[in-house]
Amino acid sequence: MKYLEGTQVNSIFYNGHTNEPDWEFPTEKIAVLAPNPVKHVVDFARRNGMEFFYSIRMNDTHAAYFPPNRGYWVPFRLQHPELLLGYISQEHWEKKYLPWVMKFIRLEEQRAQQGKTPSNVLPSESELRRQVVAENPLKDVLDRRGLASRDLWSWPAYNYALEGTRAHFLEVVEGICQRYDVDGVELDWIRMPMFFKLGEQRRNIPIMNDFVHQVRRRLDHFAQQKGRPILLAVRVPDSMELCLAVGLDPETWTEQGWVDLLMAGSGLMPFSIPMKEWVELGQRHEVPVYGCLDRIHPLFRTGRPKFDVRDPAITNDDPSNYDAVRAAAHRFWQEGVDGIYLYDWHTHHGPTDPEDFGTVPRLAEPAELAHGNKLYQVDPDFPVRPGQGALADACYPAQIPRALTTVSGVAGVEFTLNVSDAPNSIDQAILLIQWKGDVDQRRVRWTLNGTAVSEASSEHGREWMDLQSGFPPGVERSGPSQESWIGLQLPGNLIRKGPNSLELSVEPAQQGDPSVPVELLQVRLSTSRA
């Protein structure tokens, strides 16, 4: 956390519960921090004048697909298969699921003792992952649906329709208040948004409302003992309709005064989320709203601190690395949010070298953001966007990728591209487009806000650029596909502040099979000032 010192960060939301509360962690794994690891975080927050929130993942399901280990398969989950969302009988659990879990937990324990075991006895990390997938209890589902399958990700989730699940998480809330000097508790409903059996989500909304009310009452009880408030924050899916679809009702929670902060959105659809509806809800009931940006998003995985300890060393923490972060944050401020919430903004899979600490981007001053370069996008869906089936239920419907055929003639589609810049503040704009495979650009026509882009750009030196060798700032060099990036220079005054209408038409090919789709993967807009 040291890289947070001296930044604009004023609150730490610490994930003390992924699958179990921190006080149940095996202490031999964290001896240097034991016996009270979270106290180090609380002390850091107090020294630096920051609020401390204890965050609870309400249904983390890495256990569904990732190599089983002690962190995913905690004692409570192993002892209570009857509370899981999967349709699993006790007999089925003991014959099919439990052996898969225990086999790889034992392998994990053996790998931890690797120094005492001949290297050729245990599988390598890549071989271990291959075995885990090949022997997954839902391998048939994985083969048919891939990582986009909700069934694959939901089976080890807890079923909140059952009293045992709700009682367990209420005990966690009580344990937090008994152990730590917290300013607040966060219920993270996005990791992962699967709480009831498919088709039963809306009927169980009253049950979930009662649960949140009970959390509020417990926080008030301990707040009275401590002599100061304990705030309740909730991190919720991208829209209120998505919330209702998974069994959550934050509108009622705010109306009843049960929650104190709304952390809006998955952070994976930053240019699509209807932030105004969250802001209006918060303003009606005087509840602050924070726009979420998740660093797992490819656009945000740049700069320092490194996203992953295994990433290459960062020799130049260029401000242009944060063009997309600035664009998303500026859009949130323009929509009226009370603050910015950076999710997972740390180095994963191990400690960070002090040389890589860096800092977090400056996002707290809207006026400052207004003058910076930015990178916008038409938010894409899986597989371009991360999240798979694990987070899909929390994400606003995407406009792309799109596949178009020209069997019956010209094919067309219209997109909405949200921009927060004022037209007179843009000196240069480039429309960045990624196709799957090579596409004859003579077949393609773009129209922005009713003006043909090809005609408009010809007056400004029409320029198509192959971005394979010269990526603009913020376009990562890794990801699902790096083929066929092109760029089209635009006049800045063609762009509107707010929603922009972007139309694409594709004419039939002169040669070849017209039924073969032309696939559009990504659309981005880079804006800059001279």
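Residues numbered from 1 in each chain as written. Predicted model: local features only at pLDDT ≥ 70, side-chain atom pairs only at ≥ 80, totals over all residues. Heavy atoms only, no water.

### Concerning the sheet that holds strand 12 (residues 444–448)
Reading across from one edge, 10-16-12-13 is the order of the four strands in this open sheet, with antiparallel pairing throughout. This sheet does not close on itself; its edge strands, each paired only once, are strand 10 (411–419) and strand 13 (451–452). As paired elements, strand 10 and strand 16 (residues 498–506) share nine bridges and run antiparallel to each other. Paired with Leu 417 across the strands is Asn 500, a residue of strand 16. (Pairing = 2+ DSSP bridges. Helix = DSSP H or I, 4+ residues; strand = E, 2+ residues; numbered from the N terminus.)

### Some details on the pattern of salt bridges
Tallied over the full model, the rule gives 28 salt bridges. Asp 188 is the salt-bridge partner of Arg 235, the closest N and O atoms lying 3.1 Å from each other. Separated by 47 residues along the polypeptide, Arg 235 in strand 4 (residues 231–236) and Asp 188 in strand 3 (residues 184–188) bring together distant segments of the chain. Per residue, the accessibility class of Arg 235 equals that of Asp 188, and both read buried. Note that Asp 260 and Arg 216 form a salt bridge whose closest N and O atoms lie 2.7 Å from each other. One end of the pair, Asp 260, is in the loop between helix 10 (250–255) and strand 5 (261–264); the other, Arg 216, is in helix 8 (residues 205–226), and 44 residues separate them in sequence. We classify Arg 216 as buried; its relative accessible area is 8%. Overlapping salt bridges bring together Arg 46, Asp 181, Asp 183 and Arg 228 as one network. (Salt bridge = Lys/Arg side-chain N within 4 Å of Asp/Glu carboxyl O. Buried < 20%, exposed > 50% of the residue type's maximum accessible area, 1.4 Å probe, protein only.)

### Side note on the sheet that holds strand 1 (residues 11–17)
One open sheet accounts for seven strands, arranged 1-2-3-4-5-6-7; its pairing is parallel. At either end of the open sheet lies a strand with only one pairing partner, and these are strand 1 and strand 7 (339–343). The mean angle between the axes of side-by-side strands here comes to 30 degrees, regardless of whether they run parallel or antiparallel. Strand direction decides the pairing type here: strand 5 and strand 6 (residues 289–294), joined by three bridges, are parallel. Along strand 6, the bridge assignment pairs Leu 262 with Val 289. Packing against the sheet, helix 8 makes contact with strand 3 and strand 4, and its axis sits at approximately 150 degrees to strand 4. (Axes fitted to C-alpha atoms, helices over the stretch in contact; angles between N-to-C directions. Contact = heavy atoms within 4.5 Å.)

### As for helix 8
Between its first and last C-alpha, helix 8 extends 32 Å over 22 residues, near the 32 Å set by a 1.5 Å rise per residue. All buried positions along helix 8 are accounted for by Ile 205, Met 208, Asn 209, Phe 211, Val 212, Val 215, Arg 216, Leu 219, Phe 222 and Ala 223. Projected down its long axis, helix 8 shows its buried positions confined to an angular sector of 160 degrees, all on one face. Opposite the packed face of helix 8, turned more than 90 degrees from it, sit the exposed residues Pro 206, Arg 217, Gln 224 and Gln 225. Here the buried face of helix 8 lies against helix 7 (163–179), strand 3, strand 4, helix 9 (240–246) and helix 10. Where helix 8 terminates, the next one or two residues include Gly 227, which has phi positive at roughly 80 degrees. (Expected span 1.5 Å × (residues − 1). Arc of directions from axis to C-beta.)

### Details of the packing of aromatic side chains
If you walk through the whole model with that rule in mind, you get 28 aromatic pairs. With centroids separated by 6.3 Å and ring planes inclined at 40 degrees, the aromatic side chains of Trp 23 and Tyr 54 adopt a geometry described as tilted. Taken together, the residues Trp 23 in the loop between strand 1 and helix 1 (37–47) and Tyr 54 in strand 2 (residues 51–57) connect sequence positions 31 residues apart. Taking the relative accessible area as the measure of exposure, Trp 23 reaches 24% and is therefore partly exposed. (Phe/Tyr/Trp six-rings, centres within 6.5 Å; stacked < 30°, edge-to-face > 60°.)

### Comments concerning the nonpolar core
Within the largest apolar cluster, 145 residues are counted, with the highest numbers of intra-cluster contacts made by Trp 189, Trp 278 and Trp 446. In this view, Trp 278 contacts Val 236, Pro 237, Asp 238, Ser 239, Met 240, Cys 243, Pro 250, Leu 262, Ala 264, Ile 273 and Val 289; residues no more than four positions away in its chain are not counted. With seven residues, the next largest nonpolar core counts Ala 233, Met 263, Cys 292 and Tyr 341 among its residues. (Core = buried A, V, L, I, M, F, W, Y, C linked by side-chain atoms within 4.5 Å.)

### Examining the side chain of Asn 59
Mapping Asn 59 onto the fold places it in the loop between strand 2 and helix 2 (75–79). A polar atom in the side chain of Asn 59 sits 2.6 Å from the backbone oxygen of Met 194. Once you skip the residues sitting within four places of it in the chain, Asn 59 turns out to touch Ala 157, Tyr 158, Tyr 160, Arg 191, Met 192, Met 194 and Phe 195. (Polar contact = N/O pair within 3.5 Å; in protein donor to acceptor, adjacent residues only side chain to side chain.)

### Considering helix 12 (residues 323–335)
One full turn of an α-helix is made of 3.6 residues, so residues set three or four places apart face in the same direction. Over its 13 residues, helix 12 runs 19 Å from end to end, which matches the ideal 18 Å to within 8%, given 1.5 Å per residue. Taking burial as the measure, the 13 residues of helix 12 include eleven buried ones, the bulk of the element. Those residues of helix 12 lying buried are Asp 323, Ala 324, Val 325, Arg 326, Ala 327, Ala 328, Ala 329, His 330, Arg 331, Phe 332 and Trp 333. On the buried face of helix 12, the contacting elements are helix 11 (275–285), strand 6, strand 7, helix 13 (366–370), strand 8 (374–377) and strand 10.

### Quick look at unusual backbone geometry
The residue after Arg 191, namely Met 192, is reached through a cis peptide bond having omega -10 degrees. By the element assignment, Met 192 lies in the loop between strand 3 and helix 8. The residue after Arg 304, namely Pro 305, is reached through a cis peptide bond having omega -5 degrees. You can see Pro 305 is positioned in the loop between strand 6 and helix 12. Of note, the phi angle at Gln 388 is positive, near 50 degrees, even though the residue is not glycine. Looking at the secondary structure, you find Gln 388 in helix 14 (residues 388–391).

### Comments concerning the environment of Val 259
As for its placement among the helices and strands, Val 259 is situated in the loop between helix 10 and strand 5. Classification of Val 259 by relative accessible area gives buried; the value is 4%. Between the C-alpha atoms of Val 259 and His 213, which are 46 residues apart in sequence, the distance is 9.0 Å. Beyond its immediate sequence surroundings of up to four residues, Val 259 is in contact with Val 212, Leu 232, Val 234, Trp 253, Thr 254 and Val 287.

### A word on the pairing of strand 2
Extensive coverage of strand 2 is indicated by the burial of six of its seven residues. Relative to strand 2, strand 1 runs parallel, the two being bridged by six bridges. Pairing of Asn 15 across the sheet is with Ser 55, part of strand 2. Of the crossover connections in this fold, the one passing from strand 1 over helix 1 to the parallel strand 2 is right-handed. (Right-handed = clockwise from strand over helix to strand, strands pointing away.)

### Points about the pairing of strand 4
A large share of strand 4 lies buried, amounting to five of its six residues. As defined by bridge partners, strand 3 adjoins strand 4 across five bridges and the pair is classed as parallel. In the sheet register, Val 185 faces strand 4, and the bridge partner there is Leu 232. Two strands pair when backbone bridges link them, and strand 4 and strand 5 are joined in this way by four bridges, in the parallel orientation. Across the sheet, the residue bridging to Ala 233 is Leu 261, located in strand 5.

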